[in-house]
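Chain by chain, the residues run as shown.
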Amino acid sequence: MKRHKALISLSHEHHHGLMLAQLIKSGSPEFPGLPATISGKVQYAVKFYEDNLIPHFKKEEEVLFHRSKSRSSEIDNLIGELTTEHKAIHSLVNELQKSSEPEIELNELGVLLEKHIRKEERELFQIIQDVFTENEMNKLEKDLGESTISCKV
């Protein structure tokens, strides 16, 4: 299904998150212009998390999730899962910075990040588009656009 314009900015940010996920998973190919070493990937992942994922998660939690809560039990369940995954991603990034074997955490982070983004795109966004009226979607778009939280993607 076509993505509503209210959610397109989040989908664009998700695209960059998926690129990170592919870069840091075990056995990933080299990507031109991106780090190829484990230490380079660790530094890149931590910086991406700080510059992009933290503000992205905050925007989702403070605007999207807040506006979507109590619309349906399915949305509420997904929001619970996604919020838990935000916390798990945060923990993995913290572990990654202290790890003596960062390849393990990089792969776990890449797998979780990809799963998380796919869940938002394929499940949550779809349900929101089905449940919200056009006026509500337009208000959501305005609220997401006015959010003072911005990613550096």
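Peer 1: Can you explain the packing of helix H2 (residues 38-68) against helix H5 (residues 134-146)? Please cite residues and give values.
Peer 2: For the pair H2 and H5, the least separation of the axes is 10 Å and the interaxial angle reads 165°. It follows that H2 is roughly antiparallel to H5 by the angle criterion. Crossing geometry of H2 relative to H5 is assigned as right-handed. Along its contact with H2, which presents Lys 59, Val 63, Leu 64 and Arg 67, the element H5 presents Glu 136, Lys 139, Leu 140, Asp 143 and Leu 144. For the contact of H2 with H5, a count of residues per class yields four nonpolar, no polar and five charged.

Peer 1: Give me the environment of Glu 101: which residues, what numbers.
Peer 2: Turning to its location among the elements, Glu 101 is positioned in the loop between helix H3 (73-98) and helix H4 (102-131). In this structure, the C-alpha to C-alpha distance between Glu 101 and Gly 27, residues 74 residues apart in sequence, is 15 Å.

Peer 1: Could you give me a rundown of the pattern of salt bridges, with the residues and numbers involved?
Peer 2: The final tally for this structure, using the stated rule, is 13 salt bridges. Residues Arg 118 and Glu 114 are paired through a salt bridge, measuring 3.6 Å at the closest nitrogen-oxygen approach. Here the residue Arg 118 and the residue Glu 114 both occupy positions in helix H4, the gap between them amounting to four residues, near one helical turn. Accessibility expressed as a relative area gives 31% for Arg 118, which makes it partly exposed. Via salt bridges that share partners, Glu 81, Glu 85, Lys 115 and Lys 119 belong to a single interconnected network.

Peer 1: How would you sum up the packing of aromatic side chains? Please name residues and give values.
Peer 2: Counting across every chain of the model gives one aromatic pair. Their ring planes at 25° and their centres at 6.4 Å tell us that Tyr 44 and Phe 48 sit as a pair that is stacked. With Tyr 44 and Phe 48 both in helix H2, this residue pair falls four residues apart, about one helical turn. Directly above the aromatic system of Phe 132 lies the positively charged group of Arg 71, at a separation of 4.5 Å from the ring centroid.

Peer 1: Tell me about the environment of Leu 144, and please be specific about residues and values.
Peer 2: Counting through the fold element by element, Leu 144 comes out in helix H5. In the structure, Leu 144 is positioned 140 residues away from His 4 in sequence and 13 Å away in space, judged by C-alpha atoms. Filtering out sequence-adjacent residues up to four positions away, Leu 144 remains in contact with Ala 6, Leu 10, Lys 59, Val 63 and Leu 64.

Peer 1: Give me the lowdown on the side chain of Ser 28, citing residues and values where you can.
Peer 2: With respect to the helices and strands, Ser 28 occurs in the loop between helix H1 (8-24) and H2. A polar atom in the side chain of Ser 28 sits 2.8 Å from the backbone oxygen of Leu 23. Beyond its immediate sequence surroundings of up to four residues, Ser 28 is in contact with Gln 22, Leu 23 and Lys 41.

Peer 1: So, H5: which residues are in play, and what are the values?
Peer 2: Helix length check: H5, at 13 residues, gives a terminal C-alpha distance of 18 Å against a target of 18 Å (1.5 Å per residue), a fit within 8%. Residues Met 137, Leu 140, Asp 143 and Leu 144 constitute the buried set of H5. For H5, the angular spread of buried residues about the axis comes to 120°, placing them on one side. Turned more than 90 degrees off the buried face of H5, the exposed positions are Asn 135 and Gly 145. On its buried face, H5 sits against H1, H2 and H4.

The rules behind these values
Residues numbered from 1 in each chain as written. Predicted model: local features only at pLDDT ≥ 70, side-chain atom pairs only at ≥ 80, totals over all residues. Heavy atoms only, no water. Axes fitted to C-alpha atoms, helices over the stretch in contact; angles between N-to-C directions. Helix = DSSP H or I, 4+ residues; strand = E, 2+ residues; numbered from the N terminus. Parallel < 35°, antiparallel > 145°, perpendicular 65-115°, else oblique. Left-handed = near helix turned anticlockwise from the far one by under 90°. Contact = heavy atoms within 4.5 Å. Nonpolar A, V, L, I, M, F, W, Y, C, P; charged D, E, K, R; others polar. Salt bridge = Lys/Arg side-chain N within 4 Å of Asp/Glu carboxyl O. Buried < 20%, exposed > 50% of the residue type's maximum accessible area, 1.4 Å probe, protein only. Phe/Tyr/Trp six-rings, centres within 6.5 Å; stacked < 30°, edge-to-face > 60°. Lys NZ or Arg CZ within 6 Å of the ring centre and 35° of its normal. Polar contact = N/O pair within 3.5 Å; in protein donor to acceptor, adjacent residues only side chain to side chain. Expected span 1.5 Å × (residues − 1). Arc of directions from axis to C-beta.

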